[in-house]
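Inside the fold
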Amino acid sequence: MTQKKMKGYLRDSRGFTLIELLVVMVILGMLAALVGPSLFRHVGESQQKVAKTQIVMIEEGLDAFRLDTGRYPTTAEGLNALNVDPGVDGWSGPYLKKTTPNDPWNKPYQYQSPGTHGEYDLYSYGKDGVPGGEGENKDITSWE
């Protein structure tokens, strides 16, 4: 191990210089800039898949509610009727293990019964939280 004496200080010649560290940081930054966007695209796709899966889970609870009571919850009763007895004859829930989840963008699922697309409509407005949209902003619905 060689050491050089420079102006009263001992310098270990095994360390990295500031230039070497900066070059490595620039290379890492360039890699992150190239790989990052594709990773974030997959995050959006994953959130849409989670929303579809949650809608299917909620639909199973709605179907169980209907089997017990003979009808789906009304719009006024909402999805809360799957966990809390709304005073309906035959209710023997809760029909979900936990409370009704919010969508992956932390907004409540929209529910309407009777629906315009079937006996009920269950949907999320997607990432932007407004009707319509494409890509990550596309609505996720129970009827499609």
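To start, this report covers the structure provided alongside it. (Residues numbered from 1 in each chain as written. Predicted model: local features only at pLDDT ≥ 70, side-chain atom pairs only at ≥ 80, totals over all residues. Heavy atoms only, no water.)

**Considerations on unusual backbone geometry**
Geometrically, the link from G93 to P94 is a cis peptide bond, its omega value of 10° lying close to zero. Within the element layout of this structure, P94 appears in the loop between α1 (18-69) and β3 (110-112). Going from S113 to P114, the amide bond is cis rather than trans, its omega being 0°. Tracing the sequence through the fold places P114 in the loop between β3 and β4 (121-124). Within the chain, N106 stands out as a residue other than glycine whose phi angle is a positive 65°. With respect to the secondary-structure elements, N106 resides in the loop between α1 and β3. (Helix = DSSP H or I, 4+ residues; strand = E, 2+ residues; numbered from the N terminus.)

**Describing a nonpolar patch on the surface**
Taken together, the side chains of L18, I19, L22, V23, V24, M25, I27, L28 and L31 make up a nonpolar region of the molecular surface, amounting to roughly 910 Å² of accessible area. Along the chain, the position of I27 falls in helix α1. (Patch = residues over 30% accessible without salt bridge, like charges linked within 9 Å, V, L, I, M, F, W, Y side chains within 5 Å. Areas by Shrake-Rupley, 256 points an atom, 1.4 Å probe, with all protein chains shown as cover. Salt bridge = Lys/Arg side-chain N within 4 Å of Asp/Glu carboxyl O.)

**As for the sheet that holds strand β5 (residues 140-141)**
Pairing is antiparallel in the open sheet, where 3 strands are placed in the order β3-β4-β5. Edge positions in the sheet fall to β3 and β5, since each of these pairs with one other strand and no more. Strand direction decides the pairing type here: β4 and β5, joined by 2 bridges, are antiparallel. When the sheet's bridge partners are listed, Y123 is paired in β5 with T141. (Pairing = 2+ DSSP bridges.)

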